[in-house]
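Residues per chain, in single letters:
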Amino acid sequence: ARGGSGEVETAEEAEDGGDEASVARLGSALALGVAAVALSRRLCPVPGYDLPVATALTVAAATAFPAALAPLTAAAEKLGTLALYLFFATAGWVGGDFSTILGGAPLLLAFLLLLYLVHLSVVLGLGALLR
C-alpha cells in the first residue's frame, strides 16, 4: 500500500520501487528503440534512410499511444543522454586536449561545427515559423 491512503500499488510499481528510470523501464525503452530500428530496416526501401524512418515510427507511436509510453519517458531521457555522451566521446573530442584536435582533426571539427550550426538554424527557424 502507498502511504496511508489505502491505495494498492501495482506489481510494476512495487518492482520499480517508484523509480521512474528503473532497470525494467530502461530495458523497455531500449527494446522499443531497437524494435523501431529493426522495423524501419524492414520497411525502408532506400538504404541509409532507415534511421529517419525509425524516428518517424517512434514519434508516431508516442503520438498514438501517449498514455502507454508515458512511463518510459524518464528512462528514455536517460538513455538519450547516455547516447549523446557516447556520441561526443567518439566524435573527435580527444580528452579535452585542444592542441591534438587542432593538429590532427580540423576537418572533423569543421564538420561538427557545420552540423551543429545547421541543426541550430533549423530548430530556431522552425520554432519561429510555428510560433
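Everything numeric here is computed off the predicted structure, so don't read it as measured data.

**Q** How would you explain the overall build of the protein if you had to name every residue and give the values?
**A** A count of helices and strands for the protein gives seven helices and zero strands. Taking all 131 residues of the protein together, the buried fraction comes to 12%. Of the contacts made within the protein by residues no fewer than 6 positions apart, 39% connect residues no fewer than 24 positions apart.

**Q** Hey, could you go over the pattern of salt bridges for me, with residue numbers and the actual values?
**A** Once the charged atoms of two side chains with opposite charge are near each other, the side chains can pair. All told, the structure shown has one salt bridge when counted by the stated rule. The salt bridge involving Asp50 is made with Arg41; its shortest N-O contact spans 2.8 Å.

**Q** Can you lay out a nonpolar patch on the surface for me, pointing to particular residues and giving the numbers?
**A** On the surface, Leu84, Phe87, Phe88, Leu108, Phe111, Leu115 and Tyr116 cluster together into a nonpolar patch covering about 620 Å² of accessible area. For the nonpolar patch, the secondary structure elements donating two or more residues are α5 (73-90) and α7 (106-130). Among the elements that take part in the nonpolar patch, α7 stands out by supplying four residues, more than any other. Residue position: Leu108 is located in helix α7.

**Q** Any chance you could break down the side chain of Ser40 for me, citing the residues and the numbers?
**A** Counting through the fold element by element, Ser40 comes out in helix α2 (residues 23-43). With near-sequence residues (within four places) excluded, Ser40 lies in contact with Asp50, Val53, Ala54 and Leu57.

**Q** With reference to specific residues and values, describe α2.
**A** Here α2 is 21 residues long and its end C-alpha atoms lie 30 Å apart, about the 30 Å a rise of 1.5 Å per residue gives. Within the sequence span of α2, burial applies to Arg25, Ala29, Ala36 and Ser40. Angularly, the buried residues of α2 cover 50 degrees about the axis, an arc narrow enough to put them on a single face. Along α2, exposed side chains directed more than 90 degrees from the buried face belong to Val23, Val34, Arg41 and Arg42.

**Q** Help me get a handle on the packing of α2 against α5, residues and values and all.
**A** Where α2 contacts α5, the axes come no closer than 8 Å and their chain directions differ by 70 degrees. In terms of axis orientation, α2 runs roughly perpendicular to α5. Taken as a pair, α2 and α5 cross one another with a handedness that is right-handed. The segment α2 lies against α5, with Arg25, Leu26, Ala29 and Leu30 engaging Ala75, Ala76, Lys78 and Leu79. By residue class, the composition of the contact of α2 with α5 is six nonpolar, no polar and two charged.

**Q** So what's going on with the packing of α2 against helix α3 (residues 50-64)? Residues and values would help.
**A** Packing of α2 against α3 brings their axes to within 8 Å, and their N-to-C directions diverge by 120 degrees. Looking at the two axes, α2 sits oblique to α3. The two elements α2 and α3 meet at a crossing, and its hand is right-handed. Taking contact as the criterion, the partners of Ala36, Val37, Leu39, Ser40, Arg41 and Leu43 in α2 are, on α3, Asp50, Leu51, Val53, Ala54, Leu57 and Thr58. The residue inventory of the contact of α2 with α3, partitioned by class, reads eight nonpolar, two polar and two charged.

**Q** A description of the environment of Leu69 should follow, citing residues and the corresponding values.
**A** Following the sequence through the fold, Leu69 ends up in helix α4 (residues 66-69). When the C-alpha atoms of Leu69 and Ala29 are compared, they prove to be 8.9 Å apart, with 40 residues separating the residues in sequence. Excluding anything up to four places from it in sequence, Leu69 contacts Leu32, Ala61 and Ala62.

Parameters and conventions
- Residues numbered from 1 in each chain as written.
- Predicted model: local features only at pLDDT ≥ 70, side-chain atom pairs only at ≥ 80, totals over all residues.
- Heavy atoms only, no water.
- Helix = DSSP H or I, 4+ residues; strand = E, 2+ residues; numbered from the N terminus.
- Buried < 20%, exposed > 50% of the residue type's maximum accessible area, 1.4 Å probe, protein only.
- Contact = heavy atoms within 4.5 Å.
- Salt bridge = Lys/Arg side-chain N within 4 Å of Asp/Glu carboxyl O.
- Patch = residues over 30% accessible without salt bridge, like charges linked within 9 Å, V, L, I, M, F, W, Y side chains within 5 Å.
- Areas by Shrake-Rupley, 256 points an atom, 1.4 Å probe, with all protein chains shown as cover.
- Expected span 1.5 Å × (residues − 1).
- Arc of directions from axis to C-beta.
- Axes fitted to C-alpha atoms, helices over the stretch in contact; angles between N-to-C directions.
- Parallel < 35°, antiparallel > 145°, perpendicular 65-115°, else oblique.
- Left-handed = near helix turned anticlockwise from the far one by under 90°.
- Nonpolar A, V, L, I, M, F, W, Y, C, P; charged D, E, K, R; others polar.

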